[in-house]
Amino acid sequence: MAAVTQAPPARPASAPARARRGRLPAWRWAILAVAGIYFLLPLYAALRFAGIKAYGSVFSRTGFTDALWLSVRLAIVTTLITLALMVPTTVYVHLRLPRLRRLLEGITILPIVIPPVVLIVGVLQVAPGSLKATPWLLALEYVILAMPFAYRAIDTGLRALDVKTLTEAAGSLGAGWGATLWRVILPNLRTAMLSATVLIIALVLGEFTMASLDLYETFPVWIVQFDQTDAATSVAASLGALFVTWIVLMLITWAGTRQARRTGGGEVTLFTVARTDTPTGS
Amino acid sequence: MATDATHDAAPARISGAAGQSPAPAAGAREGAAVSLRGLSRSFGQVRALDGMSLDIAPGELVALLGPSGCGKTTALRIVAGFEAADAGQVLISGKDVSGIPAARRDMGMVFQSYSLFPNMTALDNVAFGLRMRKVGGERRKQRAAELLELVGLAAQARQHPHQLSGGQQQRVALARALAIEPRVLLLDEPLSALDAQVRVQLREQIRALQQRLGTTTLFVTHDQEEALSMADRVGVMRAGRLEQVAEPPVLYSRPATAFVAEFVGTMNRVPGELAAGGARVTALGATVAAHDGHEAAPGPVDVLVRPEGLSVTAAGDGNAIVTARTFRGAVTRVTVLISGQAEARIDVPSAEAAAMPPGATVQVTLPAAPVLVAPRRAASDAPALA
Ligand SMILES: Nc1ncnc2c1ncn2[C@@H]1O[C@H](COP(=O)(O)OP(=O)(O)OP(=O)(O)O)[C@@H](O)[C@H]1O
Ligand SMILES: [Mg+2]
């Protein structure tokens, strides 16, 4: 039998887009340049200030490993808890209580406007006693901080999906709730969940106020402590952290986008999930 | 395209348990009888369904036709189990399925919007229902491939939905619904998002498949041409009820109500006078028999006639004036104004229409055959057709 090779389907949407990206108008270049200088100049100054030797000494400072490891654990735990809480809630609200979407959006924005001190006091009021002296308390606080970003990312992902029709299609084919969530909804939310993850990690690795108020020596707190005694090392550590965080986020974004391209799921970006194809229906 | 004998036959029947001996190729499941009994459903103040009843014979394709908002989708969703009726029952093979959740009703559904799972290939989409039924991997793949072949998409098996055209996606959705050998196939305007040419092709394909597999099918549409060309019987719905259920030719020639008459095909209203007794009506200077079963009282009425039912001849002293003329190939549609008040559209063989340019005076006459009669309606009551 002769093998029939399918030519890969043309993707008319992306080809012109890529071409357009090649020739940006001059004023966009100007804006890009100004923004670039605004961000890069301080970095360059910091780089110069710290000097090469400071980078080597960062790793030998006391508390470096502990602080970094604490922050990494916090990032992981916060991401897991936030996703476990927000994904089912958001899916449920989309499917069953669409009228509450507005309300949920309002609620999830609260952590941004409420001062951290109030949040800390609030969490202390409700947190079980066994958590109180452990880092997990901080993770709980971070979950609250992360909620607005996670909700928005997941909500955007769901909007692009037509969850109702997909759920009903799965139902008519014999899938129960578990199978629908696991095999249909979650795989299609992967991009949105990755976006949420990127945001949460960035948030946790950079958060200072809560950690220092709660007296935990997370990586940002550790860096600031150094500020007083050894400014060069502190700056070197900050830059190193910035660079490593950036690499991690880029890797996640890149992997997510590659996966999403394959299934037409969209692009992982920091603030929204942009579909590459036009959603239909609803 | 080469198809071998296996693919020409109906697909083999899938049983819930893996490892059984394969059923004969022609052994598609017998369609089930479906009965809708007095279904009602309200959404707040809106009565979406108002005591709808319908019996569908095994293997039959019934199309539900009606204007937007008349309750077609609601009826379908109640049969599928996505929506519960406030009152009434759905019987499948004589058994009430009201308490059974959608996932265990064994119904194949094709949606109006694209509903393929974006994360799966076409093949995995089709295989999904079988996977849920715990059909083993090899058998499942083979069966899904057969169905894709059946809808002519074997070559696209490994593509994801976003790589398929709208028509291809709906064909995959159809294959997916058929893969579970549904007792009933439910289609909710599956073609309405597609362009006209694809729509015609696909409806022929769906009909051929449905007849070959003998699956009882309920097809919702608001496209009358689609309904008339595909269905064994067409049910015309209005405000949550069925006005008439009949075979397409009957629906066209003997509509039960004025609503059906005007919703299906083009219908002219010509003013007339119904004689006492209601059996004869006078219009356009002729007196003819009226079909019985009408709702009109003796006195002024409207006579309902199809464009091909009226005859028209060029005549200097005629009763009508030609206002427009549209060439349609073999026939030409001539629009006339009768006695300066009633507009009528009449189909005339194109050769004859040459003598009837706009502005010409013509003589319009009623057919000798019995005509439909409806209560006189003010011009402002004209229905907004979907
Ligand atoms: N979930 C719902 N909530 C509120 N009202 C609804 C709901 N579903 C349907 N309706 C209302 O019930 C009526 C019937 O709706 P349905 O969708 O069955 O109409 P339809 O015949 O399918 O129309 P269309 O041709 O536009 O699809 C409409 O007035 C609609 O607004
Ligand atoms: Mg509908």
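Residues numbered from 1 in each chain as written. Chains lettered and ligands numbered in written order. Predicted model: local features only at pLDDT ≥ 70, side-chain atom pairs only at ≥ 80, totals over all residues. Heavy atoms only, no water.

## Quick notes on the confidence of the model for chain A
Residue and element names in this part refer to chain A. For the record, the criterion: Every residue gets a pLDDT, meaning the predictor's confidence in that residue, from 0 to 100. Helix and strand assignments follow DSSP, with helices taken as H or I runs no shorter than four residues and strands as E runs no shorter than two, numbered in order from the N terminus. Whether two residues touch is decided by their heavy atoms; if any such pair falls within 4.5 Å, the residues are in contact.
For chain A, the mean per-residue pLDDT works out to 78, and 83% of the residues sit at or above 70. No element of chain A has a lower mean pLDDT than strand β2 (residues 273-274), at 40, and none a higher one than helix α7 (residues 163-172), at 93. Confidence over residues 1-19 falls short of pLDDT 50; this stretch has 9 contacts with residues more than four positions distant or in other chains. Residue range residues 271-282 is modelled with pLDDT below 50. Its contacts to residues more than four positions away, or to other chains, number 29 contacts.

## Some remarks on the pairing of strand β4 (residues 87-92) of chain B
Residue and element names in this part refer to chain B. Our working rule: DSSP bridges decide pairing: two strands pair if at least two such bridges lie between them.
Alignment of strand β1 (residues 34-43) against β4, held across 5 bridges, turns out to be antiparallel. Each bridged residue has a counterpart across the sheet, and for serine 40 the counterpart in β4 is alanine 87. Where β4 hands over to strand β5 (residues 95-96), the hairpin turn is made up of 2 residues, of which serine 93 adopts a positive phi near 50°.

## Focus: the interface of chain B and chain A
The criterion, for reference: When two parts are brought into contact, each loses some accessible area as probed by a 1.4 Å sphere; the total of that loss over both is the buried area. By definition here, a salt bridge exists when the distance from a side-chain nitrogen of Lys or Arg to a carboxyl oxygen of Asp or Glu is within 4 Å. Residue polarity follows a fixed list, in which Ala, Val, Leu, Ile, Met, Phe, Trp, Tyr, Cys and Pro are nonpolar, Asp, Glu, Lys and Arg are charged, and the others, Gly among them, are polar.
Taken together, the contact pairs 28 residues of chain B with 28 residues of chain A. When chain B packs against chain A, close to 2400 Å² is buried across both sides, 61% of that on carbon and sulfur atoms. Linking chain B with chain A are 1 salt bridge, by the criterion used here. The closest approach of N and O atoms between glutamate 168 of chain A and arginine 77 of chain B, which form a salt bridge, is 2.7 Å. Looking at the side of chain B that touches chain A, the elements with two or more residues in it are β6 (107-110) and α3 (122-132) of chain B. In terms of residue count, the dominant contributor to the side of chain B that touches chain A is α3 of chain B (4 residues). Of the residues in the side of chain B that touches chain A, the class split is 15 nonpolar, 9 polar and 4 charged.

## Topic: the packing of aromatic side chains
Rules: Side-chain rings of Phe, Tyr and Trp, where Trp is taken by its six-membered ring, are said to pair if the distance between their centres is within 6.5 Å; with planes under 30 degrees apart they count as stacked, over 60 as edge-to-face, and otherwise as tilted. Between buried and exposed lies partly exposed: a residue is buried under 20% and exposed over 50% of the maximum accessible area for its type, with that area taken using a 1.4 Å probe on protein chains only. We call a charge positioned over a ring when the NZ of a Lys or the CZ of an Arg lies within 6 Å of the ring centre and within 35 degrees of the ring normal.
Within this structure, the stated rule accounts for 6 aromatic pairs over all chains. Plain terms: the ring middles of tyrosine 38 of chain A and phenylalanine 39 of chain A are 5.6 Å apart, the flat faces sit at 85° to each other, and that makes the pair edge-to-face. Pairing phenylalanine 259 of chain B with phenylalanine 263 of chain B gives two aromatic rings, centres 5.7 Å apart and planes at 10°, and the pair type is stacked. Of this pair, phenylalanine 259 of chain B and phenylalanine 263 of chain B both sit in helix α9 (residues 258-263), 4 residues apart, roughly one helical turn. Look at phenylalanine 263 of chain B and you get buried, because its relative accessible area is 5%. When the ring centre of phenylalanine 117 of chain B is taken as reference, the NZ or CZ atom of arginine 176 of chain B above it lies at 4.6 Å.

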